[in-house]
Amino acid sequence: MHSGKTLRTDAPVDHAGKGENFAPTDLLATALGTCFLTVMGISAKDKGWKLDEIKVEIDKKMTTKGLRKIESLSLQIDMPSDLKADQLQVLKNAMKDCPVLRNLNDSIKIKVNWNQLKKNKKTSLNFLPIKVFRETPQVKFFDAGVKDSNGSDVVIHHGAAISPPNDNEFEQYYVHRHQTDHNLVLEGKRTFTLLNPDWEEPHHVIYLNQEMGALQIPPGTYHQSVSGLEGSMVLNQALRDSDFDPSKEFIPVSLRDRGDLRKAKEADPVFWIWDDGKIRRLKLGLVSSEHKINHDLIFKRLKHIIQEDSQTTSKA
Ligand SMILES: [Fe+2]
């Protein structure tokens, strides 16, 4: 290469490889995506515009019949929220100048979806209450149903565990595009960390127990969960739309590659905790250097704050 850089490739797992590096066809998909970004960047520079981050996600589909080749490439391009309609149109038009597109246009189905990011959406977190039918000292019998749920999974942590596991020193998160999760603790307790760069409060820590009900996690929200030494069991009753594809919905995303998620994680977290029959929402004003959170310490600190708070209220 002109730059002298080395790029490793590998065959994918469904084609005699280990899938440990880019497949050659991944590079072709990447060539198209980065070409779009480049021509838009050049066009913006010509106009003297300063562009915020543009993101492109590419979905590559291989043929399943006949000769093996790329059947289609679907591109999802996220444009910054502050662009005006006419600026957006200029950048969309610039795409036609992409040389890679000129080469590929007739041989691959190419679909482009544009999305203008709406920043600072309100937090959208809900807890679906459970309905207890009967409770005796040894027995709890309750309705765990979630309306319209069409998929369910159970994640058991036998002792201290983390889902998904870390990528060395970097945390990993799940994110769904076509599934809304409803996580209900069946046994023990589970701490969920949620990151959503589109929310005005992008960082949440939920100390989830059974009483809080099923934690609803909307699509596009990155989530990770941990258990203490005693472990825990969580039932997820999901709501999947017609585009749901299990091979794409459960791939861990590492913070190693995602500056936007690392930034979200540095935000002062909103803590959600069960106290005296209700869900409380609190902030501690943590600075970013404290963002490696010791959950046991924070949990105690929150309980202490709530206790002091209720004492002051009862004295007043
Ligand atoms: Fe999930």
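Computed from a predicted structure; not experimentally measured. (Residues numbered from 1 in each chain as written. Predicted model: local features only at pLDDT ≥ 70, side-chain atom pairs only at ≥ 80, totals over all residues.)

### Comments concerning the overall build of the protein chain
Quick reminder of the rule: The helix count covers DSSP runs of H or I at least four residues long, the strand count covers runs of E at least two residues long, and both are numbered beginning at the N terminus. Three classes are used. A residue is buried when 20 or more other C-beta atoms lie within 10 Å of its own, exposed when 12 or fewer do, and partly exposed in between, with C-beta atoms placed from the backbone. The contact criterion used here is simple: two residues whose C-beta atoms, placed from the backbone, lie within 7 Å are in contact.
When helices and strands are counted, the protein chain shows six helices and 18 strands. For the protein chain, the C-alpha atoms occupy an extent of roughly 70 × 50 × 40 Å along the three principal directions. Looking at the 316 residues of the protein chain, the share that counts as buried comes to 20%. Partitioning the intrachain contacts of the protein chain with sequence separation of at least 6 by distance along the chain shows that 72% fall at a separation of at least 24.

### What to know about the domain arrangement of the protein chain
Inclusion rule: Domain delimitation follows an automatic or database domain assignment.
Domain assignment breaks the protein chain into domain 1 (13-116) and domain 2 (126-315). Its C-alpha centre places domain 1 at a distance of 34 Å from the equivalent point of domain 2.

### Comments concerning the environment of Asn166
As for its position among the elements, Asn166 is in the loop between β8 (161-163) and β9 (172-173). Judged by local crowding, Asn166 falls into the partly exposed class, with 13 C-beta atoms found within 10 Å. Residues Asn166 and Gly151, spaced 15 residues apart in sequence, show a C-alpha to C-alpha distance of 26 Å.

### Considering the pairing of strand β14 (residues 222-227)
Defined as follows: If DSSP finds at least two bridges between two strands, the strands pair.
Across the six residues of β14, five count as buried, placing the element largely inside the fold. Where β8 meets β14, three bridges bridge the pair, whose relative direction is antiparallel. In the strand pairing of β14, Ala161 is matched with Ser227. Two elements, strand β11 (residues 190-195) and β14, share five bridges in a ladder whose sense is antiparallel. Within the sheet, the bridge partner assigned to Thr191 lies in β14 and is Val226.

### Comments concerning the sheet that holds strand β2 (residues 70-79)
Our working definition: For helices, the fitted line uses only the C-alpha atoms of the stretch in contact; every axis is such a line through C-alpha atoms, and the angle between N-to-C directions lies from 0 to 180 degrees.
On the basis of which strands lie adjacent, the open sheet formed by three strands has the order β1-β2-β3 and mixed pairing. The two strands at the open ends of the sheet, each matched to only one other strand, are β1 (55-62) and β3 (109-116). Put simply, the sheet's adjacent strands are angled 15° from each other on average, direction ignored. Pairing geometry for β2 and β3, over eight bridges, is parallel.

### Side note on the sheet that holds strand β18 (residues 278-283)
Taken in spatial order, the six strands make up an open sheet running β8-β14-β11-β12-β17-β18, and their pairing is mixed. Looking at strand neighbours, the two that pair on one side only are β8 and β18, the edges of this open sheet. Each neighbouring strand pair of the sheet contributes to a mean axis angle of 20°, computed without reference to strand direction. Here strand β12 (residues 203-208) pairs with strand β17 (residues 270-275) via three bridges, running parallel. Within β17, the position partnered with Ile206 by the bridge is Trp272.

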